[in-house]
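# Understanding the architecture of this molecule
Next come the chains, spelled out residue by residue.
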Amino acid sequence: MVSFRELARRLVADGVVQRMSHQRISKIAKDDPDFPPVAVAGGARLVDYKAARPYFATRKSRQGQRTDLRPPAAE
């Protein structure tokens with residue numbers, strides 16, 4: 001079991017993802033029902049790395065597009 005902070009560090013170190021923050025992992029865990037089970041110990045949220053690594057390896061990135069960079073619509 002690893003904390004979200006350690007999970008983010010390991011995912012980057014193992015080359016599973018290019019960048020990841022523990023805040024992003026927290027958001028994904030909250031929003032995605034397919035996220036591996038989360039345990040709570042004290043104030044830390046923990047996840048099994050053996051379950052989380054394949055989840056992130058196969059997860060489709062859903063990054064949004066920046067709307068401020070689009071040219072204005074033609075009228």
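Every value quoted in this text rests on a predicted model; they were computed, and no experiment measured them.

Attention now goes to the environment of alanine 52. With respect to the element layout, alanine 52 can be found in helix 3 (residues 49-58). For the pair alanine 52 and leucine 7, spaced 45 residues apart in sequence, the C-alpha separation works out to 8.1 Å. When neighbours within four sequence positions are excluded, alanine 52 is seen to be in contact with Leu7, Pro36 and Val47.

Another point: the pattern of salt bridges. Opposite charge on two side chains permits them to pair, given that their charged atoms come into close proximity. Evaluated as defined, the whole model comprises four salt bridges. Residues joined in a network through salt bridges with shared partners are Glu6, Arg9 and Arg10.

Turning next to the packing of helix 1 (residues 4-13) against helix 3. The geometry of helix 1 relative to helix 3 is characterised by a closest axis approach of 11 Å and an angle of 55° between their N-to-C directions. Considering the angle they form, helix 1 stands oblique to helix 3. When the axes of helix 1 and helix 3 are compared, the crossing they make is right-handed. From helix 1, Leu7, Arg10 and Leu11 reach across to helix 3, where they touch Tyr49, Ala52, Arg53 and Phe56. Broken down by class, the residue content of the contact of helix 1 with helix 3 amounts to five nonpolar, no polar and two charged.

Attention now goes to the pairing of strand 3 (residues 44-47). In terms of strand pairing, strand 1 (residues 2-3) meets strand 3 through two bridges, oriented antiparallel. Following the sheet pairing, valine 2 is matched in strand 3 by valine 47. Of the pairings in the sheet, the one linking strand 2 (residues 38-41) to strand 3 comprises four bridges and is antiparallel in character. Counted as the bridge partner of valine 38 is valine 47 from strand 3.

Picture the strands of a sheet paired through backbone hydrogen bonds; they go either parallel or antiparallel. Pairing is antiparallel in the open sheet, where three strands are placed in the order 1-3-2. The sheet is open, and its two borders are formed by strand 1 and strand 2, each paired with just one other strand.

Right, let's talk about the nonpolar core for a bit. Residues Phe4, Leu7, Leu11, Ile25, Phe35, Val47 and Phe56 are the most contacted members of the largest nonpolar core, which totals 16 residues. Of all the secondary structure elements, the ones that give two or more residues to this core are helix 1, helix 2 (22-31) and helix 3.

The rules behind these values
Residues take numbers from 1 onward in each chain, read along the sequence in its written order. Totals for whole chains, interfaces and linings use every residue, but because this is a predicted model, local features are given only for residues with pLDDT of at least 70 and side-chain atom pairs only at 80 or more, for both listing and counting. Side-chain descriptors were evaluated using all non-hydrogen atoms of the structure, hydrogens and water having been removed beforehand. Strands here are runs of E lasting at least two residues and helices are runs of H or I lasting at least four, both read from the DSSP assignment and numbered beginning at the N terminus. Throughout, a residue-residue contact means that at least one pair of heavy atoms, one from each residue, lies within 4.5 Å. Any Lys or Arg side-chain nitrogen found within 4 Å of a carboxyl oxygen on Asp or Glu counts as a salt bridge. With axes taken as lines fitted to C-alpha atoms, and helix axes fitted only over the stretch in contact, angles between N-to-C directions fall between 0 and 180 degrees. If an angle is under 35 degrees, it is roughly parallel; if it is over 145, roughly antiparallel; if it lies from 65 to 115, roughly perpendicular; otherwise it is oblique. When the near helix sits turned anticlockwise from the far one by under a right angle, the crossing is termed left-handed; a clockwise turn instead gives a right-handed crossing. Residue polarity is assigned by list, with Asp, Glu, Lys and Arg as charged and Ala, Val, Leu, Ile, Met, Phe, Trp, Tyr, Cys and Pro as nonpolar; anything else, Gly included, falls into the polar class. By this definition, two strands are paired if DSSP reports at least two bridges between them. The nonpolar core is taken to be a set of buried Ala, Val, Leu, Ile, Met, Phe, Trp, Tyr and Cys residues, with the residues joined through side-chain atoms within 4.5 Å. Here's how the labels work: a residue is buried when its accessible area is under 20% of the maximum for its type, exposed when over 50%, partly exposed in between, all with a 1.4 Å probe on protein chains only.

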